[in-house]
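Coordinates in review
Residue-level listing of the chains:
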Amino acid sequence: MRIAMIGTGYVGLVSGACFADFGHRVACVDKDSAKIDGLNAGVMPIWEPGLEALVKSNEERGRLTFTTDLAAGVKDAEAVFIAVGTPARRGDGHADLTFVFEAVRELAGVMAPGTVVVTKSTVPVGTGDRIAAILKEEGVADFSVASNPEFLREGAAIADFKHPDRIVVGAEDSHAQEVLKEIYRPLFLNRAPILITGRRTAELTKYAANAFLAVKISFINEIADLCEAVGADVQEVATAIGADGRIGNKFLHPGPGYGGSCFPKDVAALIRTAREARSPLSLVEQVQTVNSERKIAMAGRVERAAGGSLKGKTVAVLGLAFKPDTDDVREAPSLTLIPMLQERGAAVRAYDPHARENAESLLPGAMWCESALEAVEAADVTVIVTEWNELRALDLDRVKAAMRGDVLVDLRNIYLPAQARAAGFTYAGIGR
Ligand code: NAD
C-alpha cells in the first residue's frame, strides 16, 4: 500500500514509521522544513523511545521518506492520513481545525482519483463531513473520507501503535473500509480488533475515551484529597478498587492533575461539541474545573510543606514533561507550578531528562540543571513532578545530603513515606 502522512509530529511520525515497518511505502509530509531537513539528516524532532531506530531501518529499506512537497508525497498514495495538530481555539475551547482544512485544500489539487483521505488527528464530530464538502467544492469527484482516531500514548507510542487494544475505523463506504483493513492487516496477526463504525461514531469515540480517562484521573485525585482529610491511604484505596475488573487499575494514580497535548484540549472540545448539540456533559465540565484547580493547588501544597512560606527558599523541581518518557511539556503541571512558586518568592532549580529544550523558553527565571543531584544542591525543598524512572531510583541519602533543607514533596507518590523519612526527609505525598 502507498500511504502519505500529512503532519510529521508525535502522531504522524510514529504512525508513518510504524506503517512503513508493516511493509507499506510511506511518504511523511510536513510544512516545517527544519523538521524535514532534520529527519532527512537522521535527527529526530521529538524524543520517543525506539523511534530513531525504527525510522532509520525503514528509511534504509526505502519504505519511509520525508518531504515538504505535499504534491510529491501524495501523488500516488492510495490513502492519505491527516495527522496535523488540532489545538484548542483561543477563547471558546473548540478544536482549531485550521491546519486540517488547510491540508485538505492543498490535497485537493494533487490527489489521485479514488484516494481515501483519513483523519488521524483528533477532530470533532462532523469534521469528516466538512472535509468531504471541501473536496467537492474544490472539484474532486472520486474520493472517500474516513476517520481513524489514534490512541497511542507518548512515551510508549510505538508499542501502543503496534499492539493496540483496538483499531477504530469510521468509514461510510466499502472502498475506504477495505483500504484501511488492508493497511492494518499486519496487526490482525496480533489479534488487534478492528472496529468498523460510522464516521461520526469514530470521531466521537476518541473524545469519549479521553474524557473518560480524564474523569478517572480527577476522581482518584479528589479521593486522594479526601484520604488526607480523613486519614486514609489513597494508594491502598486505588489498589483495592482497581482490583475490581469493572473499574480496572489503570489511570488510578493520584497526582498534580492531568496535562499533555490531548486531555485538556480534547475535554474542552468535547464540552463545546456537547453544548452546541444541546446535550451538555456536566460531569466532564466539572472534571475540567477540578483539574485546572488541582494544578493551581499544587503550589499551595509545596508552600505548606515548606512550613508556610517560600520567600527566599530554593525549590528543586524534578520532572517537567507532562509524563515520563516524552519531551512534551504541553499543558504540563510543571508549567503552572513553577511560576507560582516563583511568585511566592522561591528560586527554582529545574531538571528533566529530556524536556529542558521545550520547557526552557516557557519558564523564565528557572535555573536549569544537568542532573537531579545538581538540581537539589542547597535546595530547601525538592518537588517531584514527573515520575521518570531515573527519578524513581534516586539515592535518597545523597539527595538529602546535597540539600540545605529536608522537605520532599512527592506529587507522584513514587517513594514510600517510611523510606523517605528513614533518609531524614519531611515527606509530603498525595493522599496518604
Ligand atoms: P504535533 O504538533 O506534534 O504535529 C503536527 C505536525 O503537523 C507539525 O509538525 C506541523 O508542522 C504539521 N502540519 C501542520 N499543518 C500542516 C500542513 N498543512 N501540511 C503539512 N504539515 C502540517 O501534533 P501531534 O501531537 O502529533 O498531534 C496531531 C494530532 O493527533 C492532534 O489532533 C492530536 O490531538 C492527535 N493525537 C495526539 C496524540 C499525542 O499523544 N500527541 C495522541 C493521539 C492523538
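The coordinates are above.
Quick caveat: nothing in here was measured; it's all calculated off a predicted structure. (Residues numbered from 1 in each chain as written. Predicted model: local features only at pLDDT ≥ 70, side-chain atom pairs only at ≥ 80, totals over all residues. Heavy atoms only, no water.)

Another point: the packing of helix α12 (residues 282-305) against helix α13 (residues 333-343). Contact geometry of α12 with α13 gives a least axis separation of 8 Å together with a crossing angle of 45°. When the interaxial angle is binned, α12 and α13 end up oblique. The crossing of α12 and α13 is right-handed. When α12 is examined against α13, the residues Lys295, Ile296, Met298, Ala299 and Val302 are found in contact with a partner set consisting of Pro333, Thr336, Leu337, Met340 and Leu341. Of the residues in the contact of α12 with α13, the class split is eight nonpolar, one polar and one charged. (Axes fitted to C-alpha atoms, helices over the stretch in contact; angles between N-to-C directions. Helix = DSSP H or I, 4+ residues; strand = E, 2+ residues; numbered from the N terminus. Parallel < 35°, antiparallel > 145°, perpendicular 65-115°, else oblique. Left-handed = near helix turned anticlockwise from the far one by under 90°. Contact = heavy atoms within 4.5 Å. Nonpolar A, V, L, I, M, F, W, Y, C, P; charged D, E, K, R; others polar.)

Around the ligand sit 28 residues, and of these Asp30, Lys35, Thr86, Glu154 and Lys265 come closest. Taking Tyr10, its main chain carries an N or O atom lying 3.0 Å from an oxygen atom of the ligand. Within the contact set of the ligand, an oxygen atom lies 3.0 Å away from a side-chain nitrogen or oxygen of Arg330. Computed on the free molecule, the ligand has an accessible area of 840 Å², of which 91% lies beneath the protein chains in the complex. Residue assignment for the shell around the ligand shows that the elements contributing at least two residues are α1 (10-21) and α5 (98-108). With four residues, α5 is the largest single contributor of residues to the shell around the ligand. Among the residues forming the shell around the ligand, the class breakdown is nine nonpolar, eight polar and 11 charged. (Near = heavy atom within 4 Å. Polar contact = N/O pair within 3.5 Å; in protein donor to acceptor, adjacent residues only side chain to side chain. Areas by Shrake-Rupley, 256 points an atom, 1.4 Å probe, with all protein chains shown as cover.)

Of all hydrophobic cores here, the largest spans 59 residues; its most connected members are Leu318, Leu337, Leu341 and Val383. In this structure, this core is formed jointly by two domains, domain 2 (207-288) and domain 3 (295-428), each of which donates at least three residues. Val26, Ile36, Leu54 and Ala192 belong to the second-largest nonpolar core, a separate cluster that totals 41 residues. (Core = buried A, V, L, I, M, F, W, Y, C linked by side-chain atoms within 4.5 Å. Buried < 20%, exposed > 50% of the residue type's maximum accessible area, 1.4 Å probe, protein only. Domains from an automatic or database assignment.)

Here we come to the packing of aromatic side chains. The relative placement of two aromatic rings is captured by the distance of their centres and the angle of their planes. Across all of its chains, the model carries nine aromatic pairs by this definition. Ring geometry for Phe19 and Phe22: centres 6.0 Å apart, planes at 70°, overall edge-to-face. Its relative accessible area of 0% is what places Phe19 among the buried residues. Taking 6.1 Å as the distance between ring centres and 45° as the angle between the ring planes, the aromatic pair formed by Phe251 and Phe263 counts as tilted. Taken as a pair, Phe251 in the loop between α10 (234-242) and α11 (263-276) and Phe263 in helix α11 lie far apart in primary sequence, 12 residues in all. For Phe251, a relative accessible area of 27% corresponds to the partly exposed category. An aromatic cluster is present here, built from Phe19, Phe22, Phe81, Phe161 and Tyr184 joined pairwise through their rings. A cation sits over an aromatic face here: Arg166 above Phe151, 3.7 Å from the ring centre. (Phe/Tyr/Trp six-rings, centres within 6.5 Å; stacked < 30°, edge-to-face > 60°. Lys NZ or Arg CZ within 6 Å of the ring centre and 35° of its normal.)

Once that is clear, we can look at the sheet that holds strand β9 (residues 314-318). Ordered in space as β11-β10-β9-β12-β13-β14, the six strands form an open sheet in which the pairing is parallel. Sheet topology places β11 (367-368) and β14 (426-428) at the edges, where each strand pairs with a single neighbour. In terms of strand pairing, strand β13 (residues 407-410) meets β14 through three bridges, oriented parallel. If you follow Val407 over to β14, its bridge partner there is Thr426. Strands in contact with α12 are β12 (381-384), β13 and β14; relative to β13, the strand with the most contacts, it is inclined by about 155°. (Pairing = 2+ DSSP bridges.)

Let's shift gears to helix α2 (residues 33-40). By the burial criterion, the buried members of α2 are Ile36, Gly38 and Leu39. Looking down the long axis of α2, one finds its buried residues gathered within 160° of arc, a one-sided arrangement. Within α2, the exposed residues directed more than 90 degrees away from the buried face are Ala34 and Asp37. Two or three places before Ala34, at the start of α2, stands the capping residue Asp32, its side-chain oxygen 3.1 Å from that residue's backbone nitrogen. Backbone geometry just downstream of α2 places Gly42 in the positive-phi region, at approximately 85°. (Arc of directions from axis to C-beta.)

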